[in-house]
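# Breakdown of the fold
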Amino acid sequence: MARSLLPRLLLPLLLLSCAGRKPRLASAPAGPVEAEYVLRVADPTSRRVEGRGRFAPRGRGDLRLQVERSYAFLEVEKNYVTEVRARAEGKALAVHPDGPDAWRIEGSRGKEVEVEWAVDLVHREEIARREREKPDQYEHPYLAEDHAFLVGAAIFLFPDRGEGPYRVRFEVPEGWPIDVPWEGSVESGFAVPDAPSLLQNYMYLGRGRRSRVGFEGFEVATVAAPRARVPETELEERISKVVRAEVDLLGPPRTSRYLLVFPEAGRLRGAGGSAKRDSLVLAFGWGAIDGSLDHLIGHELAHTLAPTRAGFADDARFANEGFADYVALKARRGSGLLTESRFLAEVARRAERWISISERNGLSLADAAERFFSDRDAYELAYSGGCVLGFLLDHRLDGGIPALYRAIAAAGEERPDARVLREAVVEIGGEEAGALLDRLVSAPAGESVLSAFPPRYQVTARREVDRTLGVRFENGPEPVVAAVERRSSAERAGLREGDRILAFDGEPVEARSDLFRLQRGSQAEEFRVRVRRGSQEVDCAAAYDRRLRVRLSHAEG
């Protein structure tokens, strides 16, 4: 998509609020459009968005409209579009279902057609029901009493084989500002260059905490929902540092205005995010720390700033996610938010996790790519292994990861796979780099991973007793087990959700702080706990895990 340049004088208009429920009509961005859309929020308590579209005449049969169900990492079970009606030349036209997610407007050929529909914003309830372990509600549209967070793919009906450009206007309650990543204004409408930009972007309507960080040629507009959990510490400064470092690494975004949204996080425990074409959504739940924000911004920006744009296909998912993690670490280091020693420690931790997961279940990175969406271990392996792989290739290739991204983009692949990735690695680093890629991707990771680190780094590894139980506790001071990690020492001991720990190695435990104190003072290689389970007291015991500990530092001399 060609980058559109927005004159700086228009930027302040993007944060103006609407004049009322019915916007003042003004001249829209110049030039013909394939469709003009109006999104209307009439009653925030209805949890419904109403849509209208005026579609240009077509000479190749009846107008066919469709809606997307697949966006972000998930696919909702159904679309929530209802009440589709159409008119042309002042007369109602028949609307026929044309599949589960499409409609055909009978008799619309060669006519300008007006279509109305509604979308019930209940996507989050479905995701909350399905995603108990990894609640991704933050990626999905919702309507609250004072704001709306929308995903283009779930809201717009768009013409089959539509290419754009499009125009979008909004009708919202009085006092609701509008934030979108497109050129234009509330009064005249926003110009959307093509279908991917229309469907694969976020929109934020309504009240929130807003800020802007300007860069040469573009700006990042940030909006946080009124009840979003957002780290307050120098937020704009940290965003500026991460974005500048990553733009220096991968190049500027394709748009003059990038939108970064913090929605309400739902049940999210840590931090999560999702990248769209010219926008990001970042969510902070309970337990997230400020450093997670820096990494999350860098990771999601890597998906959209990289010249590959669309990301890697599923058989190279380790590169899509793991490389983005590595780019985020590199950007944090370059921006001064991560010291060199912490950077190396983080890479070492990823190598440790990669080896641990691989040894536990025999997965290779290639296996992880195939199972990415269905297996939690594969998901973790793709992130950790791909990050280390990015580090290794970055020190083997002339120009590093940016050159690799450029080579893949030059191959003309919108969704590059493992084959295209290998060809690009060989093109830049020769067969030696290709052989390294083969060895690390195709076989389960082991000690051989450590020998692949570049010569200027000193790597040490040894097995140590890991004196952690492998449980998560409920909120509050008492040590009540909320969840038991798979394959952990706690699982082997037979601990269960709901157990209240009464004693550890024979010493009474009144609070979680007592348990942590006893664990820190222990030198044993096994543990004994007594728990209250219902009305009974149960004794549990197991040996601690012995895990690989990796240390990575600069070699002397």
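Coordinates for the structure precede this section.
Below is a summary of the structure that appears in this document.

Cut-off values and rules
- Residues numbered from 1 in each chain as written.
- Predicted model: local features only at pLDDT ≥ 70, side-chain atom pairs only at ≥ 80, totals over all residues.
- Heavy atoms only, no water.
- Buried < 20%, exposed > 50% of the residue type's maximum accessible area, 1.4 Å probe, protein only.
- Helix = DSSP H or I, 4+ residues; strand = E, 2+ residues; numbered from the N terminus.
- Pairing = 2+ DSSP bridges.
- Axes fitted to C-alpha atoms, helices over the stretch in contact; angles between N-to-C directions.
- Phe/Tyr/Trp six-rings, centres within 6.5 Å; stacked < 30°, edge-to-face > 60°.
- Contact = heavy atoms within 4.5 Å.
- Left-handed = near helix turned anticlockwise from the far one by under 90°.
- Nonpolar A, V, L, I, M, F, W, Y, C, P; charged D, E, K, R; others polar.
- Polar contact = N/O pair within 3.5 Å; in protein donor to acceptor, adjacent residues only side chain to side chain.
- Core = buried A, V, L, I, M, F, W, Y, C linked by side-chain atoms within 4.5 Å.

With that settled, consider the pairing of strand β14 (residues 166–171). Most of β14 is tucked away: 6 of the 6 residues are buried. Side chains of β14 alternate between two faces, with Y166, V168 and F170 and R167, R169 and E171 buried alike. Relative to β14, strand β1 (residues 35–40) runs parallel, the two being bridged by 6 bridges. Pairing of R40 across the sheet is with E171, part of β14. When β14 meets strand β17 (residues 189–192), the two strands line up antiparallel, connected through 3 bridges. By the bridge assignment for β17, R167 is matched with A191.

Moving on: the sheet that holds strand β2 (residues 48–55). An order of β7-β6-β10-β2-β1-β14-β17-β16 is seen for the 8 strands of this open sheet, with the pairing classed as mixed. Lying at the two open borders of the sheet, with one neighbouring strand each, are β7 (91–93) and β16 (183–185). Between one strand axis and the next, the sheet turns through 20 degrees on average, direction left out of account. Of the pairings in the sheet, the one linking β16 to β17 comprises 3 bridges and is antiparallel in character. Bridge pairing in β17 links S185 to G189.

Under the definition given, this model contains 22 aromatic pairs. Judged by centre distance (5.8 Å) and plane angle (90 degrees), the ring pair of Y37 and F55 falls under edge-to-face. You can see Y37 sitting in strand β1 and its partner F55 sitting in strand β2, a full 18 residues away along the chain. Pair check on accessibility: Y37 and F55 agree, each one buried.

Ordered by their spatial adjacency, 4 strands build an open sheet running β28-β27-β29-β30, and the pairing between neighbours is antiparallel. Unpaired on one side and paired on the other, β28 (507–508) and β30 (536–543) mark the two borders of the sheet. Bridge count for strand β27 (residues 500–504) against β28 is 2 bridges, and the pairing is antiparallel. The residue of β28 that forms the bridge with F504 is E507. Lying over the sheet, helix α14 (residues 512–520) contacts β27 and β28, oriented at roughly 35 degrees with respect to β27.

Two elements in contact, helix α4 (residues 235–250) and helix α5 (residues 290–305), have axes separated by 10 Å at closest approach and are oriented at 35 degrees. Here the hand of the crossing between α4 and α5 comes out right-handed. Of the residues in α5, those touching α4 at L235, R238, I239, V242, V243, E246, V247 and L250 are D290, G291, L293, D294, I297, G298, L301, A302 and L305. For the contact of α4 with α5, the residue count by class is 11 nonpolar, 2 polar and 4 charged.

At a minimum axis separation of 10 Å, helix α9 (residues 376–394) and helix α11 (residues 418–442) run at an interaxial angle of 145 degrees. The two elements α9 and α11 cross, and the hand of that crossing is right-handed. Taken together, the residues of α11 that come into contact with α9 (itself represented by L389, L392 and L393) are V425, A433, L436, L437, L440 and V441. For the contact of α9 with α11, the per-class residue count stands at 9 nonpolar, no polar and no charged.

Further remarks concern the environment of L301. Position of L301 among the secondary structure elements: in helix α5. Put simply, L301 and V243 are 58 residues apart on the chain and 7.8 Å apart in space, counted from C-alpha to C-alpha.

Tracing the backbone shows N361 in helix α7 (residues 340–361). Residues N361 and D377, spaced 16 residues apart in sequence, show a C-alpha to C-alpha distance of 8.6 Å. Within the structure, the side chain of N361 is placed 3.2 Å from the backbone nitrogen of L363, a separation counted as a polar contact. Of the polar contacts made by the side chain of N361, one reaches the side chain of D377; its length is 3.0 Å.

Moving on to the nonpolar core. In terms of nonpolar packing, the biggest core is built from 150 residues, with Y37, F170, F391 and L421 touching the most fellow members. By residue number, the principal contributor to this core is α9, which donates 11 residues. Grouped together as the second largest cluster of nonpolar side chains are 19 residues, V471, I501, A542 and Y544 included.

Here we come to the environment of V481. Residue placement: V481 occurs in strand β26 (residues 481–484). Look at V481 and you get buried, because its relative accessible area is 0%. Each C-alpha atom of the pair V481 and V471 lies 6.6 Å from the other, and the pair is 10 residues apart in sequence. Dropping the residues within four chain positions of it, V481 is found in contact with V471, R472, F473, E474, R496, E497, G498 and D499.

Fair warning: the whole summary comes from geometry, so function is off the table for now.
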